[in-house]
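So the chains spell out like this:
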Amino acid sequence: MKKKIVIFGATGNVGSYVLKYAREYFNPEEWEVVASGRRKTDFFEKRGIPYYSVDVSKKEDFDVLPTENVYAVIYLAAEIPSYMNDYAPEKYVNSNIIGAFNVLEYCRKNHVDRILFSTTVFDISLSAGEGIVLKPDTPKNFSYKGDHAVYVISKNTALELIEHYHQEYGLKKFIFRFPTIYNYSPYQYYFPNGVKTLRPVYRMIDNAIKGEPIELWGNPEYSKDMVHVYDCAQMLCKAVEVDREEGFYNVGTGNPVTLQEQIETIIKVFSPKDHPSQIIYRPEKKAGGGFLMDVENAKRELGYEPQYTCEKLFMDYKKEMELDRFKELREKSI
């Protein structure tokens, strides 16, 4: 009988690409990758992919899921600040705490071997800074103020629940700390402080396509980790296979990308050759928000090797813009 991998959050921006990668990574003669998400959709069914509509905050929804030979759960479903257009912290509690408990109970009842869980880099955001490389074992250090506070608290609470199920029931646990995960989406907005805003990377790409100037804010040498969704997916898939009881990993590449390199690459990939965008330097404007991630233990313990350079990342954006493979899933986004 095939081993099953259930991916919660498979309709999301990251989850949909992780699902695609996993289905190509695992031998279909030995593994079955199952999609689950809150949305009612026939997107997966039309492509021959088993899909179950499950709201993780509702215990009764789990009754539809497979119960036999479920080997691993990849738990990517979450309520996150960037898609919250009206601050409602109870959504974090319902999705990220009650949801985690329900997923863990599903694992316990069905003798799942391991759970893979995505947490947030904002749990150590106060330790971040220009040039500082964040380690997987960096102690928790976050603000109890602002629109991210309850989100981080909910994720940290989920981690405590996972630790309980690991110690009490022997559920193997693999935790992945996510910074920004880069992948193309036809829905290009987010909601900083509740305000609908075009994501900066898409504004730059739009300007590059039109050959219009692109502003570079702050220090051109400011660097951050730019991890492509398929490198993230590689790390997750390797954790499904690894012979370990647990692991805690930063998701990243370990290869810093400067703002200068990022914008020059966007121009190279997207601008007309006869009319490339020019860079306008705005050192007086504030830039930041990126993180530098140490991934050495993921390389050592999982055999992880990042594949996506900055140029390869944006070449994939260009290809996905043309294919628009997940348009149907994104059309009903906020």
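Residues numbered from 1 in each chain as written. Predicted model: local features only at pLDDT ≥ 70, side-chain atom pairs only at ≥ 80, totals over all residues. Heavy atoms only, no water.

## A short note on the pattern of salt bridges
Counted by the stated rule, this structure contains 20 salt bridges. Of the charged contacts, one joins lysine 319 and aspartate 316 as a salt bridge, the two residues approaching to 3.8 Å between their closest N and O atoms. Of this pair, lysine 319 and aspartate 316 both sit in helix α8 (residues 310-323), 3 residues apart, which is roughly one turn of that helix. Looking at lysine 319, the relative accessible area reads 40%, which means it is partly exposed. Each of Asp42, Lys46 and Glu328 takes part in a single network of salt bridges with overlapping partners. (Salt bridge = Lys/Arg side-chain N within 4 Å of Asp/Glu carboxyl O. Helix = DSSP H or I, 4+ residues; strand = E, 2+ residues; numbered from the N terminus. Buried < 20%, exposed > 50% of the residue type's maximum accessible area, 1.4 Å probe, protein only.)

## Notes on the nonpolar core
Grouped together as the largest cluster of nonpolar side chains are 68 residues, with contacts concentrated most on Ile7, Phe176 and Phe314. A per-element tally of this core places helix α5 (residues 229-241) first, with 9 residues. Those residues in contact with phenylalanine 176, other than ones at most four positions away along the chain, are Leu116, Phe117, Ser118, Thr119, Met235, Leu236, Ala239, Tyr249, Val251 and Leu302. Of all hydrophobic cores here, the second largest spans 25 residues; its members include Val6, Val73, Leu104 and Tyr106. (Core = buried A, V, L, I, M, F, W, Y, C linked by side-chain atoms within 4.5 Å. Contact = heavy atoms within 4.5 Å.)

## Things to note about α8
An ideal rise of 1.5 Å per residue puts 20 Å on 14 residues; α8 measures up with 20 Å between its terminal C-alpha atoms. Buried residues of α8: Cys310, Leu313, Phe314, Asp316, Tyr317 and Glu320, and no others. Down the axis of α8, the buried set is contained in an arc of 150°. They therefore lie on one face. The positive-phi residue at the C-terminal boundary of α8 is aspartate 324, with phi of around 50°. (Expected span 1.5 Å × (residues − 1). Arc of directions from axis to C-beta.)

## Some points on the packing of aromatic side chains
As enumerated under the stated definition, the model contains 27 aromatic pairs in all. Ring plane angle 50° and centroid distance 5.5 Å describe the contact between tyrosine 92 and tyrosine 151, whose orientation is recorded as tilted. Separated by 59 residues along the polypeptide, tyrosine 92 in helix α2 (residues 90-109) and tyrosine 151 in helix α3 (residues 149-169) bring together distant segments of the chain. Judged on exposure class, the residue tyrosine 92 and its partner tyrosine 151 are both buried. (Phe/Tyr/Trp six-rings, centres within 6.5 Å; stacked < 30°, edge-to-face > 60°.)

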